[in-house]
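Observations on the three-dimensional arrangement
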Amino acid sequence: MMRLDAALGDVDALDRLAAGDSPVHRLDPRAKLIATAAFLVTAISYPKHDVAELTPLFLYPATLLAVGRVPTRVIGRYLLLACPFAVLVGAFNPLLDRQTALHVGPLAVSGGWLSFISILVRFVLTVSAVLLLLACTGYVAVCAAMARLGAPRLLVMQSLMLYRFIFILADEASRMVRAHSLRSLGKHSASIQTWGSLAGNLLLRAYDRGLRVHTAMLARGFDGTLHPVRGLRWSGRDTLFVVGSGGFLVVARYGHLAVRLGQWTMGMLA
Amino acid sequence: MHMADALISPPVGAALWVASMGLAAYSARQIKPEVAERKIPLMGVMGAFVFAAQMINFSIPVTGSSGHLGGGMILAILLGPHAAFLVMFSILAVQALFFADGGLLALGCNVFNLGFWPCFVIYPLVFRRLAGGSPTRGRILTASVVSGVLSLQLGAFCVVLETLVSGISELPFGAFVLLMQPIHLAIGVVEGLVTAALVSFVWRARPEVLELTPGAPTPGTVSLKPVLTGFAMVALVTGALLSWFASTHPDGLEWSMARTTGKEELAAPTDGIHPTLAGLQEKTAFLPDYGFAEASEAEGADAEPVEEAPEQWPTVSAGTSVAGVVGGGMVLALAVLIGVSLRLIRRRRNVATP
Amino acid sequence: MSHHIVEVRDLEYRYADGTAALRGVSFRIEPGESVGVVGENGAGKSTLLLHLNGCLFPSKGVVRIGDVPVVRRTLPQVRRSVGTVFQDPNDQLFMPTVGEDVAFGPLNMHLPCDEVEQRVRGSLEAVNALHTRARPPHRLSGGEKRAAAIATALSMSPDILVLDEPSAGLDPQARRRLIHLLAGFRQTKVVASHDLDMILALCPRTIVLHQGTVAADGPTGTVLSDRDLLARSGLDLPLGVQGCPICGRVPGPTATP
């Protein structure tokens with residue numbers, strides 16, 4: 001779990017990237033969401049010992065990265081910060097499955113190691129796909145797409161407001177933490193009791209802010225009914241993108257591209 | 001405790017997404033516009049509060065390590081079950097999107113594990129009963145700790161089940177349970193203590209904030225509909241998707257069967273309930289072969305999975321595997337090449353046309 | 001043109017615990033007037049303002065906006081006529097982008113899309129903030145936030161603008177720009193503020209609140225140079241009326257603060 005204050009800077013960075021312009025940025029967010037979902041489903045649908053078979057999938061994030069003008073280091077940093085999860089999750093596999101699955105030259109690789117690497121590869125693919133979605137679309141547009149694809153409006157509106165308030169409240173919380181640490185002479189974390197006061201104060205302030213926002217919303221005629229999201233326009237380019245991505249995913253999944261390419265190469269070299 | 005995409009299979013992810021979305025739609029409908037008008041700003045702010053509160057670390061008494069708030073229970077106390085569930089949904093979504101804490105496909109699972117239990121089950125059935133109408137500090141503490149422990153135990157168990165059904169991780173059921181439950185017992189206690197500290201503070205300072213639960217069902221009249229609907233949906237969709245998956249990937253299912261029982265196919269016992277069941281399934285199932293396999297697999301999973309070393313493993317021919325490695329490496333290199341060249345083309349085009 | 005009259009008669013308001021916030025406040029504001037409301041902290045300024053848009057209802061007395069009393073049934077009408085700018089712009093900018101915030105009001109009025117678009121552009125242009133349209137609020141400066149908050153009220157085309165501490169937290173130049181901006185608005189303005197010099201520059205008429213009652217209601221020049229009145233009400237002379245801290249000279253009536 002990344003620390004919020006450090007991560008907020010990244011969140012902002014992603015947001016700024018999303019405000020950029022590129023052919024990917026100009027696609028309808030719904031198209032990108034659908035393509036990303038399809039990609040994720042494909043990535044996790046492989047049998048658990050597949051590693052080489054997964055590699056063609058890398059073409060998708062690589063292309064998006066390039067065409068969407070997303071700096072590699074942003075994705076790289078996230079992956080680095082988040083990979084402990086994947087490692088933790090798969091770490092038992094090599095220990096539990098020691099049956100040799102394949103030989104690479106003199107090296108005997110066990111099924112456990114294969115599945116572990118497979119988990120890591122899946123992890124890299126899925127996390128980078130989501131990050132690219134955010135970097136080229138933005139949280140707000142993704143929410144809008146969800147709304148138009150049928151998610152409950154209340155959920156969407158609430159998600160948008162939550163996002164908006166995280167920045168304000170994180171700011172207040174960091175000021176509070178700073179004030180506390182200045183008076184706690186060396187101890188880094190509060191006791192649970194003190195935490196209760198700090199967080200409790202934050203909660204009450206947040207609550208009051210909620211009431212004030214409520215007043216402000218009422219003053220502008222809000223009565224609880226939420227309006228449909230506007231401004232999303234689906235074009236032929238979006239259909240092309242979705243169909244193209246879908247086609248690529250099918251080919252990648254069932255075409256055994258890696259093996260075929262390897263065999264062809266070895267045949268050529270022989 | 002957040003599940004990553006890398007650990008789940010499509011049917012599991014999809015089934016729980018459907019369940020979570022269904023619960024979300026149900027919750028949204030339960031909140032009428034008059035109530036929504038007041039709750040929406042509060043929901044947004046309280047959700048953000050949970051994030052911000054996670055910035056404030058506290059030290060856990062005995063261990064000295066630091067921890068932070070999870071949030072499900074306090075949200076239910078502040079907002080009522082339906083609103084709290086929606087807020088948990090969006091919190092988990094933001095965590096998945098921006099903090100890589102949980103996958104996007106696994107979001108359905110995470111929402112169910114971490115949102116459904118505290119909001120719809122533990123809060124109305126346990127917390128409210130234990131805390132009562134006008135709680136003392138002691139009652140708040142008891143109610144919070146018990147609720148925290150129970151919510152996290154249930155959530156953790158669901159993680160085990162989901163991981164198991166997905167079949168990506170090698171951890172067998174017994175070991176996994178022994179790993180997950182105790183850890184989450186400790187986490188649950190801490191969450192309970194932390195929730196209690198928060199609730200006590202607010203109760204003393206501004207009690208009306210906590211009475212703000214007009215939408216919450218009073219204990220005794222809890223509607224089990226969301227619970228049942230949730231389970232029904234999960235079961236239905238899981239069944240449907242598993243059938244599809246099995247019919248298109250017969251190797252996968254038989255393979256996992258082989259893993260757990262050591263045999264490619266199980267011969268059904270000729271006496272007892274199995275022929276009846278098998279017969280029933282043949283009549284009702286679309287794919288009688290699959291139905292048969294499902295019945296045996298269910299039986300197989302009950303058998304001891306832990307000790308039996310996998311006897312049969314779909315043998316990967318040496319030729320294919322080497323080719324796979326070579327090809328895999330080449331594809332990766334190709335992907336990098338494509339990425340780099342696209343960038344270069346883009347840059348050149350930008351330079352050419354200012 | 002009776003829509004724009006703000007009339008408050010014997011307004012009383014008590015908090016839930018019984019303390020009186022407002023005790024018998026009465027005044028009448030004609031269309032186009034620009035009125036300052038001043039008073040020490042706790043005098044009741046914000047509470048009074050919240051009665052003007054129906055966010056609070058009086059325990060006793062009447063509030064009328066135009067020819068309509070402010071009651072629950074008339075709230076949609078009232079909120080269309082009265083635009084409120086709150087003390088903390090963060091409370092008012094709750095949508096993901098400034099543009100959506102400005103569109104919030106018109107959308108709630110169920111206006112057609114192109115009308116909403118027109119209003120958004122118009123109000124952002126009026127406050128010189130059109131360039132912030134697509135930006136999220138947390139990436140605006142204090143002055144930009146304030147401008148955006150004003151735009152969110154303007155987009156509903158209110159006849160009456162109610163502003164609560166509009167210059168709070170602004171740096172000197174942003175403050176000057178704000179005063180200049182507000183001076184150009186034709187709507188009826190009710191401005192509550194501690195910034196007495198801004199009131200001096202902006203509002204020909206001032207109401208002084210003290211402990212929930214009206215201590216004075218008259219021309220700003222007179223009210224804000226009455227040293228005793230201001231002292232009794234927990235206030236002080238505006239800097240523009242006091243002597244220059246450097247040379248000691250008292251500025252003439254035409255000097256702008």
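**A look at the side chain of B:Gln181**
Residues and elements named next belong to chain B. By the element assignment, Gln-181 lies in helix H7 (residues 173-205). The class for Gln-181 is buried, based on a relative accessible area of 14%. At 3.3 Å, the side chain of Gln-181 and the backbone nitrogen of Phe-157 are in polar contact. When neighbours within four sequence positions are excluded, Gln-181 is seen to be in contact with Gln-153, Ala-156, Phe-157 and Val-160.

**Thoughts on the environment of B:Leu104**
Residues and elements named next belong to chain B. Relative to the assigned elements, Leu-104 resides in the loop between helix H4 (81-99) and helix H5 (107-131). Its relative accessible area of 16% is what places Leu-104 among the buried residues. Between the C-alpha atom of Leu-104 and that of Gly-13, which follows or precedes it by 91 residues, the distance is 9.3 Å.

**Points about the packing of aromatic side chains**
Applying the stated rule across the entire model yields 16 aromatic pairs over all chains. Relative to B:Phe98, the ring of A:Tyr139 lies with its centre 5.7 Å away and its plane at 45 degrees, an arrangement referred to as tilted. Placement of A:Tyr139 in helix H7 (residues 139-148) and of B:Phe98 in helix H4 is noted, with the two residues assigned to different chains. Overall, the relative accessible area of 2% leaves A:Tyr139 in the buried class. Between the aromatic rings of A:Phe222 and C:Phe104, the centroid separation amounts to 5.7 Å while the plane-to-plane angle is 40 degrees, which identifies the pairing as tilted. Highlighted residues: A:Phe222 in the loop between helix H9 (192-219) and helix H10 (236-254) and C:Phe104 in helix H4 (residues 98-108), drawn from two different chains. On the basis of relative accessible area, A:Phe222 is assigned to the buried category, the value being 3%. Looking at C:Phe104, the relative accessible area reads 6%, which means it is buried. Cluster of aromatic residues (ring-pair linked, three or more members): B:Tyr26, B:Phe85, B:Phe112, B:Phe116, B:Trp117 and B:Phe120.

**Describing the domain arrangement of chain A**
All names here are of chain A. Domain annotation for chain A reports domain 1 (1-151 + 231-261) and domain 2 (152-229). Taken residue by residue, the interface counts 13 residues in domain 1 and 10 residues in domain 2. Roughly 1100 Å² of surface becomes buried between domain 1 and domain 2 when both sides are summed, with 79% attributable to carbon and sulfur atoms. Among the residues domain 1 hides against domain 2, the three largest losses belong to Leu-8, Tyr-139 and Ala-151. Together they make up 43% of the total. Remark: the boundary between domain 1 and domain 2 carries 3 residue pairs in polar contact (both at pLDDT 80 or more).

**Quick look at the pattern of salt bridges**
Tallied over the full model, the rule gives 21 salt bridges over all chains. Residue C:Arg28 pairs with C:Glu30 through a salt bridge whose shortest N-O separation is 2.8 Å. Judged by relative accessible area, C:Arg28 falls into the partly exposed class, the value being 38%. Under the relative-accessibility criterion, C:Glu30 is labelled partly exposed at 33%. One salt bridge connects C:Asp195 with C:Arg175, and the closest N-O pair in it is separated by 2.7 Å. Here C:Arg175 lies in helix H7 (residues 172-183) and C:Asp195 lies in the loop between strand E8 (188-192) and helix H8 (196-202), a separation of 20 residues in the sequence. Taken together, the salt bridges that share partners define one network made up of A:Glu172, A:Arg205, A:Arg209, A:Arg212, C:Asp88 and C:Asp91.

**A short note on the interface of chain C and chain A**
Between chain C and chain A, the contact holds 29 residues from the first and 24 residues from the second. In this structure, A:Arg209 engages C:Asp91 in a salt bridge whose closest nitrogen and oxygen atoms are separated by 2.8 Å. Linking chain C to chain A there are 9 residue pairs in polar contact (both at pLDDT 80 or more). Of all the secondary structure elements, the ones that give two or more residues to the side of chain C that touches chain A are strand E6 (82-85), helix H3 (89-92) and H4 of chain C. Broken down by element, the residue count for the side of chain C that touches chain A peaks at 6 residues, all from H4(C). For the side of chain C that touches chain A, the per-class residue count stands at 14 nonpolar, 9 polar and 6 charged.

**Here we look at the sheet that holds strand E4 (residues 60-65) of chain C**
Residues and elements named next belong to chain C. Spatial strand order, E2-E1-E4-E5: 4 strands in an open sheet with antiparallel pairing. Lying at the two open borders of the sheet, with one neighbouring strand each, are strand E2 (20-29) and strand E5 (68-69). Strand direction decides the pairing type here: E4 and E5, joined by 2 bridges, are antiparallel. Across the sheet, the residue bridging to Arg-64 is Pro-69, located in E5.

**So, the packing of helix H8 (residues 153-182) of chain A against helix H2 (residues 33-53) of chain B**
Two elements in contact, H8(A) and H2(B), have axes whose closest approach is 7 Å; the angle formed by their N-to-C orientations is 45 degrees. In terms of orientation, H8(A) and H2(B) fall into the oblique class. The element H8(A) and its partner H2(B) pack so that their crossing is right-handed. Contact with H8(A), carried on its side by A:Leu154, A:Met157, A:Gln158, A:Met161, A:Leu162, A:Phe165, A:Ile166, A:Leu169, A:Ala170 and A:Ala173, involves B:Ile40, B:Pro41, B:Met43, B:Gly44, B:Val45, B:Gly47, B:Ala48, B:Phe49, B:Phe51 and B:Ala52 of H2(B) and no other residues of that element.

**Looking at the nonpolar core**
The biggest cluster of nonpolar side chains holds 170 residues, and the ones touching the most others in it are A:Leu203, B:Phe49 and B:Phe98. The dominant element in this core, judged by the number of residues it contributes, is H8(A), at 16 residues. Core analysis: the second largest hydrophobic core is formed by 46 residues, C:Leu93, C:Val120, C:Leu181 and C:Cys203 among them.

**A few points about helix H5 (residues 113-126) of chain C**
All names here are of chain C. Taking 1.5 Å as the rise per residue, H5 with 14 residues should run 20 Å; its terminal C-alpha atoms sit 20 Å apart, in good agreement. By the burial criterion, the buried members of H5 are Val-116, Arg-119, Val-120, Ser-123 and Leu-124. With its buried residues spanning 120 degrees around the axis, H5 presents them on a single face. H5 presents Asp-114 and Gln-118 as exposed residues on the side facing more than 90 degrees away from its buried surface. The inward-facing, buried residues of H5 abut H4 and helix H6 (142-154). Just past H5, the residue Asn-128 takes up positive phi, approximately 55 degrees.

**Points about the sheet that holds strand E9 (residues 205-210) of chain C**
Residues and elements named next belong to chain C. Overall, mixed pairing links the 6 strands, which are arranged E6-E7-E8-E3-E9-E10 in an open sheet. Two strands in the sheet have a free side with no partner beyond their single neighbour: E6 and strand E10 (213-219). The average undirected angle you get between the axes of adjacent strands in this sheet is 15 degrees. As judged from the 4 bridges shared by strand E3 (residues 34-38) and E8, these two strands associate in the parallel manner. Directly across from Ser-34, in E8, lies its bridge partner Lys-189.

**Some thoughts on the packing of helix H3 (residues 72-79) of chain B against H4(B)**
Residue and element names in this part refer to chain B. The N-to-C vectors of H3 and H4 enclose an angle of 140 degrees; their axes lie 7 Å apart at closest approach. Judged by the angle between their axes, H3 and H4 are oblique. Between H3 and H4 the crossing geometry is right-handed. Residue-level inspection shows Gly-72, Leu-75, Ala-76 and Leu-79 of H3 in contact with H4, the latter providing Pro-81, Ala-83, Ala-84, Val-87, Met-88 and Ile-91. Partitioning the contact of H3 with H4 into residue classes produces 9 nonpolar, 1 polar and no charged.

**Notes on a nonpolar patch on the surface**
All names here are of chain B. A surface patch of nonpolar side chains, amounting to about 400 Å² of accessible area, comprises Phe-157, Leu-161, Leu-164, Val-165 and Phe-173. With 4 residues, the single largest contributor to the nonpolar patch is helix H6 (residues 137-166). Topologically, Leu-161 is positioned in helix H6. Since its relative accessible area comes to 37%, Leu-161 is described here as partly exposed.

**Focus: H6(C)**
Structurally, the α-helix is built with 3.6 residues per turn, so residues lying three or four positions apart point the same way. Residues and elements named next belong to chain C. Here H6 is 13 residues long and its end C-alpha atoms lie 18 Å apart, about the 18 Å a rise of 1.5 Å per residue gives. In terms of burial, H6 is a largely internal element, 10 of the 13 residues being buried. Among the residues of H6, those classed as buried are Lys-145, Arg-146, Ala-147, Ala-148, Ala-149, Ile-150, Ala-151, Thr-152, Ala-153 and Leu-154. In this structure, the buried residues of H6 make contact with E6, H3, H4, H5, strand E7 (160-164) and H7.

About the cut-offs
Every chain is numbered independently, its residues counted from 1 as its sequence is written. Each chain is given a letter, starting from A, and each ligand a number, starting from 1, according to the order in which they appear as written. Since the coordinates come from a predicted model, pLDDT governs what is reported: local features require at least 70, and pairs of side-chain atoms require 80 or more to be given and counted, while whole-chain, interface and lining totals use all residues. Side-chain measures here rest on the full set of heavy atoms in the structure, leaving out hydrogens and waters. Secondary structure elements are defined from DSSP: runs of H or I of at least 4 residues count as helices, runs of E of at least 2 residues count as strands, and each element is numbered from the N terminus. The buried label goes to any residue with under 20% of its type's maximum accessible area, the exposed label to any with over 50%, and the partly exposed label to all in between, with areas taken from a 1.4 Å probe on protein chains only. Polar contacts here mean pairs of N or O atoms no more than 3.5 Å apart (in protein, one a potential hydrogen donor and the other a potential acceptor; neighbouring residues in sequence count only if both atoms are side-chain atoms). Only heavy atoms matter for contacts: two residues are in contact if any of them lie within 4.5 Å across the pair. Between the rings of Phe, Tyr and Trp (Trp by its six-membered ring), a pair exists once the centres lie within 6.5 Å; its type follows the angle of the planes, with under 30 degrees stacked, over 60 edge-to-face, and the other angles tilted. Residue ranges assigned to each domain were obtained from an automatic or database domain assignment. Defined here as a combined quantity, buried area equals the accessible surface (1.4 Å probe) lost by two parts on assembly, summed across both. A pairing counts as a salt bridge when a side-chain nitrogen of Lys or Arg comes within 4 Å of a carboxyl oxygen of Asp or Glu. Polarity classes work like this: nonpolar for Ala, Val, Leu, Ile, Met, Phe, Trp, Tyr, Cys and Pro, charged for Asp, Glu, Lys and Arg, and polar for all others, with Gly in that last group. Each pair of strands is called paired provided DSSP finds at least two bridges between the two strands. Where helices are involved, their axes are fitted lines through C-alpha atoms of the stretch in contact, as for all axes, and angles between N-to-C directions lie from 0 to 180°. For classification purposes, an angle smaller than 35 degrees is called roughly parallel, one larger than 145 roughly antiparallel, one from 65 to 115 roughly perpendicular, and anything else oblique. Left-handed describes a crossing whose near helix is turned anticlockwise from the far helix through less than a right angle; right-handed describes the clockwise counterpart. Nine residue types can take part in a nonpolar core, namely buried Ala, Val, Leu, Ile, Met, Phe, Trp, Tyr and Cys, and a core is a set of them joined through side-chain atoms within 4.5 Å. How far a helix is expected to stretch is found by multiplying one less than its residue total by 1.5 Å. Regarding the arc, it is the one traced by the directions from the helix axis to the C-beta atoms. Patch members must show over 30% relative accessible area and no salt bridge, and they are joined within 9 Å when carrying like charges or within 5 Å when they are nonpolar side chains of Val, Leu, Ile, Met, Phe, Trp or Tyr. Surface exposure here means Shrake-Rupley accessible area, sampled with a 1.4 Å probe, where a residue is shielded only by the protein chains that are shown.

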